[in-house]
Amino acid sequence: MSNLIVVLNVLVILGMVVSAILACHFEKLLSSVIALGATGIFAAAAFLIMNAPDVAISEAAVGAALSPLIFIVALKKVRGRDDK
């Protein structure tokens, strides 16, 4: 059982690192925002593995849902000004 948790923890951390690198690597801002949301999901999963469900819920709400939503709305408003 302990080996399973270690493997799961390594996979979640690896996913977090890969999605963070992709967020920096993408040229399109929308793709970067989506990768940033994926990083938040992996962070929430890491908190769940560490038996911190309250922090995981907060991270899922803010890091994976609210922050990308705010960035997407801001991108849409900025791109809307360029068209006019």
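A. Geometry of the overall build of the chain. Helices and strands together make up the secondary structure of the chain, namely three helices and zero strands. When the helices and strands of the chain are placed in sequence order, the string is α-α-α. The C-alpha radius of gyration of the chain comes to 15 Å, more than 25% above the 12 Å expected for a compact globule of 84 residues. Its C-alpha atoms give the chain principal-axis dimensions of roughly 60 × 25 × 10 Å. Long-range contacts, defined as pairs at least 24 residues apart, comprise 52% of the intrachain contacts of the chain with a sequence gap of at least 6. Counting only carbon and sulfur atoms, one obtains 73% of the accessible surface of the chain, whose full area is about 6200 Å². Counting 6 positive and 5 negative side-chain charges, the chain places the centres of these two groups 12 Å from one another.

B. The arrangement of helix H1 (residues 2-25) in detail. Under the 1.5 Å per step criterion, the end-to-end length of H1 is 34 Å for 24 residues, consistent within 8% with the ideal 34 Å. For H1, the full list of buried residues reads Val12, Gly15, Ser19 and Ala23. Where H1 is buried, its residues meet helix H2 (29-49).

Procedures and definitions
Residues numbered from 1 in each chain as written. Predicted model: local features only at pLDDT ≥ 70, side-chain atom pairs only at ≥ 80, totals over all residues. Heavy atoms only, no water. Helix = DSSP H or I, 4+ residues; strand = E, 2+ residues; numbered from the N terminus. Rg over C-alpha atoms; globule rule 2.2 N^0.38 Å. Contact = heavy atoms within 4.5 Å. Areas by Shrake-Rupley, 256 points an atom, 1.4 Å probe, with all protein chains shown as cover. Lys, Arg positive; Asp, Glu negative; His and termini not counted. Charge placed at Lys NZ, Arg CZ, Asp CG, Glu CD. Expected span 1.5 Å × (residues − 1). Buried < 20%, exposed > 50% of the residue type's maximum accessible area, 1.4 Å probe, protein only.

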